[in-house]
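Residue strings, one per chain:
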Amino acid sequence: MELVAADAARLAPERLASLPDAVTRPTYDRAALRVGIVHLGLGAFARAHLAAVNEAALHAGAGVDVDLGWGICGVSLRQTDTRDALAPQAGLYALALRSARQGAGLGAGAGGGLQQQIAVIGCLIETLVAPEDPNAVLTRIAHADTRIVSVTVTEKGYCHDPATGRLNLQHPDIVHDLAHPLAPRSTIGYLVGGLQQRRAAGRGAITLMSLDNLPGNGHLLRGMVLAFARQLDPALAAWIDASCAFPCSMVDRIVPRTTNEDRRAVARALGLHDAWPVVGEPYLEWVVEDQFAAGRPDWAAGGARFVSDAAPFESLKLRTVNGLHSALAYLSVMAGWATVDEAMAQPALKAYLAALMQDEIMPTLPTLPGLDLAHYQQRLLQRFENPALKHQTRQIAMDGSQKLPQRLLDTVRARLAADMPIDKLALAVAAWLHFLRGVDEAGRRYDIQDPMAAELAQRLAEAERAVDARSAGPAAMQAWTETLIGVTAVFGDLGDDPRFVRAVSQAAHALRTRGVAGALSAQGLLT
Ligand code: CS2
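Residues numbered from 1 in each chain as written. Predicted model: local features only at pLDDT ≥ 70, side-chain atom pairs only at ≥ 80, totals over all residues. Heavy atoms only, no water.

1. Focus on the packing of aromatic side chains
The test is simple: Here a pair means two rings of Phe, Tyr or Trp (six-membered ring of Trp) with centres within 6.5 Å. Their orientation is stacked below 30 degrees between planes, edge-to-face above 60, and tilted elsewhere. Secondary structure counts use DSSP, requiring at least four H or I residues in a row for a helix and at least two E residues in a row for a strand, with both numbered from the N terminus. Only protein chains enter the accessibility calculation, which uses a 1.4 Å probe; a residue whose area is less than 20% of its type maximum is buried, one above 50% is exposed, and one in between is partly exposed. We count a charge as sitting over a ring when the NZ of a lysine or the CZ of an arginine lies within 6 Å of the ring centre and within 35 degrees of the ring normal.
Inspection of the entire model under this criterion finds seven aromatic pairs. For the pair Trp432 and Phe491, a centre-to-centre distance of 6.2 Å together with 45 degrees between the ring planes defines the contact as tilted. With Trp432 in helix α16 (residues 423–435) and Phe491 in helix α19 (residues 488–491), this pair connects stretches of sequence that are 59 residues apart. Owing to a relative accessible area of 1%, Trp432 belongs among the buried residues under this scheme. Accessibility expressed as a relative area gives 1% for Phe491, which makes it buried. Seen from their ring centres, Phe435 and Tyr446 are 5.1 Å apart, and the 25 degrees between their planes marks the pair as stacked. With Phe435 in helix α16 and Tyr446 in the loop between α16 and α17 (453–464), this residue pair connects regions lying eleven residues apart in the sequence. Through a chain of ring-to-ring contacts, three or more aromatic side chains come together here, namely Trp286, Phe292, Trp299 and Phe306. The lysine or arginine in question, Arg147, covers the ring of Trp70, its NZ or CZ lying 3.8 Å from the ring centre.

Structure, rendered in structure tokens:
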């Protein structure tokens, strides 16, 4: 990573006044801001939504009646790189929202037909690296000013069993944290340790808010926290249960990993070097249940939508945006399409994704009053086509064992329960299985990047024994598929459903014998 460009001054509070007029910057009294939100998992995703919306709420209140108790302390649970990049900038960073489309309400031009609007975000006022000082994180959570602890630690950060949603008490981090609660490693260990200190200090209950791409993310977080706390101290568990709040939420904004090219482009636009800007799309939906134990900022002023039940929004988003993303990613990695926009330029893939959404996903969704489904679908495909993001298909493909259940398998279950066909979903599932082989159609090897990689590799080796190198016939591919979907931590009991086995085997056979292009054309969508 290129941390500091040789020739540009660093983004810093005293240089905010020199930014070009088109760049938004803090207008509230930043020096007076206090930490009220502790955020675990200081990745690009949280910096592009939670912090951006929180910033907008501070702007909206600036000069009026703003509560300056809503600054954010960002905690990295493992790496030092984000802190190392942001601490010399006093936590300031640029959020660049990019698109190529005209009329998207964007300001400063980025050249090359792309549009980008940049905001310097100021509400991140403290950054911690948990392993360097675990107690500092526990103390922050326990601090009297802290009212919300929010979490983006990706699916695998919950240490749960993806198929059952239960805390995995055998998870090495959980085993460690139960033995060393004052120096935890896991998100759950930090949350419970911080709450334990809070309670011991006689401080009030707070809100724990998951913003990860998981259905019922608040319920899941609550379940993990309570299960862990019960092991440690049942009275603490009872206190958390009775007084803390765990709202569910749905967040939707595409935020690819920042590249050095992004750093250079942002430096050109700012006239200052930002070691870790965040790049995302202009689109943002944040739907959150209005259940907070100790108040909340006015996030509605920044575009958040407060609801009493986030579940229908979560299903819509996880099954469409993320379901399509994963389907696209596995097929694209195999076919050698490196970015989402490159993949969307393949007519057969685009037709498949549109049909997957229209024919198999949408009919499983609850109705959402006021949602124009046709517009939503069209908009989603356009978002994927955004050429300004260069979202890597390999990035989306990682951690499939943690993603498949809510993105594709819940939809499969809903359709099977109604006896509806699943051919298009089955191709996406088969694409993941095929992806696990770690080699694309051009023979290039890649790392599958999955917390279950070892177990999956073992299963795959077993499955491959069923397939003769010269002829992967339908029966052999059925045995291959059965072995892989026998991984119950991912598939639950779906492996016992002959309709699922048949559909996935057929798709796996098509992928193996005819490649991605052949398997897509077997769907018969382009005439
Ligand atoms: C993506 C998501 O990486 C992934 O798995 O599907 O991060 C996706 O970009 C966001 O959920 C969009 O809101």
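2. Considering the site of the ligand
The following threshold applies: Any residue with a non-hydrogen atom lying within 4 Å of a molecule or strand is treated as near it. Two N or O atoms count as a polar contact when they lie within 3.5 Å, although within protein this holds only if one can serve as hydrogen donor and the other as acceptor, and sequence-adjacent residues are included solely when both atoms are side-chain atoms. Here the open area of atoms and residues is found with the Shrake-Rupley method and a 1.4 Å probe, where only the protein chains shown may cover a residue. Residues are sorted three ways: Asp, Glu, Lys and Arg are charged, Ala, Val, Leu, Ile, Met, Phe, Trp, Tyr, Cys and Pro are nonpolar, and all the rest, Gly among them, are polar. Residue ranges assigned to each domain were obtained from an automatic or database domain assignment.
In the vicinity of the ligand, the residues found are Asn213, Val251, Asp252, Arg253, Ile254, Lys317, Asn322, His325, His391, Ile396, Lys403 and Arg407. A distance of 2.8 Å is found between an oxygen atom of the ligand and a side-chain nitrogen or oxygen belonging to Lys403. Measuring from an oxygen atom of the ligand, one finds a side-chain N or O atom of Arg407 at 2.9 Å. Burial of the ligand by the surrounding chains reaches 90%, relative to a free accessible area of 340 Å². Broken down by secondary-structure element, the contributors of at least two residues to the shell around the ligand are β9 (249–252), α10 (311–335) and α15 (400–417). Counting residues per element, the shell around the ligand draws most heavily on α10, at three residues. A per-class count over the shell around the ligand returns three nonpolar, four polar and five charged. When residues of the shell around the ligand are assigned to domains, at least three map to each of domain 1 (19–100 + 112–308) and domain 2 (311–522).

3. Remarks on the state of the cysteines
Rule in force here: Any two cysteine sulfur atoms lying within 2.5 Å of each other are counted as a disulfide.
One pass over the full model with this rule turns up zero disulfides. For Cys73, which is in no disulfide, the shortest distance to another cysteine sulfur is to Cys123 and amounts to 12 Å. For Cys73, a relative accessible area of 0% puts it in the buried group. Residue classification places Cys123 among the buried residues on the basis of a relative accessible area of 0%.

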